[in-house]
Amino acid sequence: MIPRIKSLYYVIKSTRNWLDALFVRYGNKKECNLVFRNGYQFHLTQKNWQEYILHTHLFAILPSAELTSESIAFKYNGRRLNFNFGKYGFSTIFEIFAHDPYRNYLKITNPKGKRVVDIGAAFGDTAIYFLMKGASSVVAIEAFPGYFKFAEQNIRNNGFSDRCNLLLSAVGGESGSMVIDPNSEDMFGANFKKPDSGQTVPVITLSDIVNKFQIENGFLKVDTEGYEYDIILKTPKNILRNFSDILIEYHYGPERLEKYLTECGYSFFKTEPTHVYVPQLVNDEARNMYAGHIVAKRID
């Protein structure tokens, strides 16, 4: 479906007084109070149209969703889930459980019965997603302290603590530490401006994780906003092969990752790069991301 038509479909499906919304967007109306079909209210202005569209997608795709300014609850696969997201917004959680970006990749590879190492765990949403897809357990690793706090709450409140180890840590090619601004509202990752001060978090390697948690035939997911190259390319081949299945979101093209995965004895599927411009990164080369996914399976 063409994106503009899809957006219009979600507007009509989710909003009672949807004509008022269109008059704000395309007419001469400056603002209006909208009521979604589930009773949720939203004050629309000419400046917050994209925020409104995100809400229409949410309530059209997850009609059971209950939203407050800092939390969201909905039914997924017959289970009611509750997530706190604080000031960071619900878009990350919504993407995983509504748009389900991993759905097609799990037709190629499957976490069922495996220990998942989830690098870039955000609010704990992906850890919970993999557990609900049949993972035996998850090692969830999140470097950004703001997200980590909510990941702790969400994993505990949804009843998954017994099958999830959650670590406040970055993952890199070498062990060490790094300083992160815990008050930042931007996504943490490579090529972000280094803060003058903040919270020191440890940096661990994939070798550290494999050895500590005795990973064998594990499932690796990496979504680290540009750090994936340092993590994967600096991991010894014998360590990486402890994962039978690897799912990577790449941000600056797939070529280097493809080459190393081939050398390590993996077959893989990839999506073609999509250009994404991220203005808060440090230079033009970093700001112009070419993002997509690689799904790799070890050749035994």
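Described in the following lines is the structure provided in the data block. (Residues numbered from 1 in each chain as written. Predicted model: local features only at pLDDT ≥ 70, side-chain atom pairs only at ≥ 80, totals over all residues. Heavy atoms only, no water.)

Points about the overall build of the protein
Counting secondary structure elements, the protein contains 11 helices and 16 strands. For the protein, whose C-alpha radius of gyration is 20 Å, the value lies close to the compact-globule estimate of 19 Å for 300 residues. Per-residue burial over the protein gives 52% buried out of 300 residues. Counted over contacts in the protein with a minimum sequence separation of 6, partners at least 24 positions apart contribute 61%. (Helix = DSSP H or I, 4+ residues; strand = E, 2+ residues; numbered from the N terminus. Rg over C-alpha atoms; globule rule 2.2 N^0.38 Å. Buried < 20%, exposed > 50% of the residue type's maximum accessible area, 1.4 Å probe, protein only. Contact = heavy atoms within 4.5 Å.)

A closer look at the side chain of Thr224
Within the secondary structure, Thr224 sits in the loop between strand 12 (218-222) and helix 8 (228-233). At 3.0 Å, the side chain of Thr224 forms a polar contact with the backbone nitrogen of Glu228. Ignoring anything within four residues of it in the chain, the contact list for Thr224 reads Ile119, Gly189, Ala190, Ile231 and His251. (Polar contact = N/O pair within 3.5 Å; in protein donor to acceptor, adjacent residues only side chain to side chain.)

Notes on the packing of helix 1 (residues 3-14) against helix 3 (residues 49-61)
Put simply, helix 1 and helix 3 touch, their axes get as near as 8 Å, and they point 65° apart. When the axes of helix 1 and helix 3 are compared, the pair comes out roughly perpendicular. Every pair of crossing elements has a handedness; the one defined by helix 1 and helix 3 is left-handed. In this structure, helix 1 uses Ser7, Tyr10, Val11, Lys13 and Ser14 to contact helix 3, whose residues at the interface are Tyr52, Ile53, Thr56, His57, Phe59, Ala60 and Ile61. (Axes fitted to C-alpha atoms, helices over the stretch in contact; angles between N-to-C directions. Parallel < 35°, antiparallel > 145°, perpendicular 65-115°, else oblique. Left-handed = near helix turned anticlockwise from the far one by under 90°.)

Re the packing of aromatic side chains
Tallying each qualifying case throughout the model produces 26 aromatic pairs. An angle of 40° between the planes, with centres 5.4 Å apart, marks the rings of Phe83 and Phe97 as tilted. Here Phe83 is found in strand 5 (residues 79-84), whereas its partner Phe97 is found in helix 4 (residues 91-99), with 14 residues between them in sequence. Here Phe83 matches Phe97 in class, with each residue buried. On the basis of an interplanar angle of 70° and a centroid distance of 6.2 Å, the ring pair of Phe97 and Tyr129 is categorised as edge-to-face. One end of the pair, Phe97, is in helix 4; the other, Tyr129, is in helix 5 (residues 125-132), with 32 residues separating them in the sequence. Phe97 sits in the buried class, given a relative accessible area of 3%. Three or more aromatic residues joined by ring pairs form one cluster here, namely Phe74, Tyr76, Phe83, Phe97, Tyr102, Tyr129, Phe130 and Phe219. We note Arg256 situated over the ring of Tyr229; from NZ or CZ to the ring centre the distance is 4.2 Å. (Phe/Tyr/Trp six-rings, centres within 6.5 Å; stacked < 30°, edge-to-face > 60°. Lys NZ or Arg CZ within 6 Å of the ring centre and 35° of its normal.)

Remarks on the sheet that holds strand 5
Taken in spatial order, the three strands make up an open sheet running 3-4-5, and their pairing is antiparallel. Each end of this open sheet is capped by a strand with a single partner; those strands are strand 3 (66-67) and strand 5. Summarising the sheet, strand 4 (residues 71-76) and strand 5 pair through six bridges and their orientation is antiparallel. Paired with Phe74 across the two strands is Leu81, which belongs to strand 5. Strand contacts of helix 4: strand 4 and strand 5, with the helix running at about 5° to strand 4, the strand carrying the most contacts. (Pairing = 2+ DSSP bridges.)

Comments concerning the pairing of strand 4
Here strand 4 lies mainly inside the structure; five of its six residues are buried. Where strand 4 hands over to strand 5, the hairpin turn is made up of two residues, of which Asn77 adopts a positive phi near 50°.

Brief notes about the layout of surface pockets
Space inside the second largest pocket adds up to approximately 250 Å³. What lines the second largest pocket is a set of 16 residues, and nearest its centre among them are Asp181, Ser184, Phe192, Lys193 and Pro195. When its residues are assigned to classes, the lining of the second largest pocket shows nine nonpolar, three polar and four charged. (1 Å grid on protein atoms, 1.4 Å probe; cavity = no way out; pocket = protein on both sides within 12 Å on 5 of 7 lines; lining within 4 Å. Points joined across faces, edges and corners; volume = space filled by probe spheres on them. Nonpolar A, V, L, I, M, F, W, Y, C, P; charged D, E, K, R; others polar.)

By themselves these figures say nothing about function.
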